Amino acid sequence: GLPVVAIVGRPNVGKSTLVNRIIGRREAIVEERPGVTRDRKEVEAEWNGRAFTLVDTGGWLARGSELDEKVSRQSEQAIASADAILLVVDATTGATEDDDRVARILRGATAPVLVVANKVDGESREHLVWDLLRLGLGDPHPVSALHGRGTGDLLDAVVDAL
Ligand code: GDP
Ligand code: MG
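None of the values given here were measured: they were computed from a predicted structure.

What counts, and at which threshold
- Residues numbered from 1 in each chain as written.
- Chains lettered and ligands numbered in written order.
- Predicted model: local features only at pLDDT ≥ 70, side-chain atom pairs only at ≥ 80, totals over all residues.
- Helix = DSSP H or I, 4+ residues; strand = E, 2+ residues; numbered from the N terminus.
- Buried ≥ 20, exposed ≤ 12 C-beta atoms within 10 Å, placed from the backbone.
- Contact = placed C-beta atoms within 7 Å.
- Pairing = 2+ DSSP bridges.

Describe the overall build of the protein, and please don't skip the residues or the numbers.
A count of helices and strands for the protein gives four helices and six strands. Counting across all 162 residues of the protein, residues that qualify as buried make up 40%. Contacts in the protein between residues far apart in sequence, at least 24 positions, make up 65% of those at least 6 positions apart.

For the pairing of strand β5 (residues 113–118), give the residues involved together with the corresponding values.
Within β5, six of the six residues are buried, which leaves it mostly tucked inside the rest of the structure. Alternating residues of β5 divide into Val113, Val115 and Ala117 and Leu114, Val116 and Asn118, and every residue in both groups is buried. Both strand β4 (residues 84–90) and β5 contribute to a ladder of six bridges, which runs parallel. Counted as the bridge partner of Leu87 is Val115 from β5.

I'd like to hear about unusual backbone geometry, residue by residue, with values.
Of note in the backbone geometry, Asn48 takes a positive phi value of approximately 50 degrees without being a glycine. Within the secondary structure, Asn48 is located in the loop between β2 (41–47) and β3 (50–56). Judged by C-beta crowding, with 10 C-beta atoms within 10 Å, Asn48 ranks as exposed.

For the environment of Glu76, give the residues involved together with the corresponding values.
In this structure, Glu76 sits in helix α2 (residues 66–80). Measuring from C-alpha to C-alpha, the distance between Glu76 and Thr151 comes to 25 Å, with 75 residues separating the pair along the chain.

Below is the structure:
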């Protein structure tokens, strides 16, 4: 089958918005409330003639309710079967404890991991990415999933990693 690109990250960082941006339609569910996209969602995407499957996970909450545990398991499955992993972080809030925990797990992944610094809507937010170096997963890729800023460069890096 096609190579699999898993998208992981806390609720509300913009994972579904990024999927929608990449596939060019509103297929992933985006809501204003945090953590609304609960299901693992797979869609086919293409960049520079390279096709791949995007898996939008429902977020990563390693503790809490039964639903959260189910979501967490789905994220783990997505990671285990991925050929590349995008860890989406909200650059405007910076890396949280949850982000640190996920990053620690991803540092042991066999697939390449790209840190996506989302919500970098303009030049004035570029400096926010440097704090994310401490996740220990390489240079963050600044994007605005909402406006499309930087997503072409990100996708170049994604297909390079496949
Ligand atoms: P998910 O829970 O990680 O799937 O996050 P969503 O894609 O549902 O987005 C959560 C919220 O962040 C929504 O209100 C989005 O409109 C907003 N959002 C997503 N990407 C961006 C971005 O690049 N810039 C800004 N300013 N807001 C964004
Ligand atoms: Mg979502």
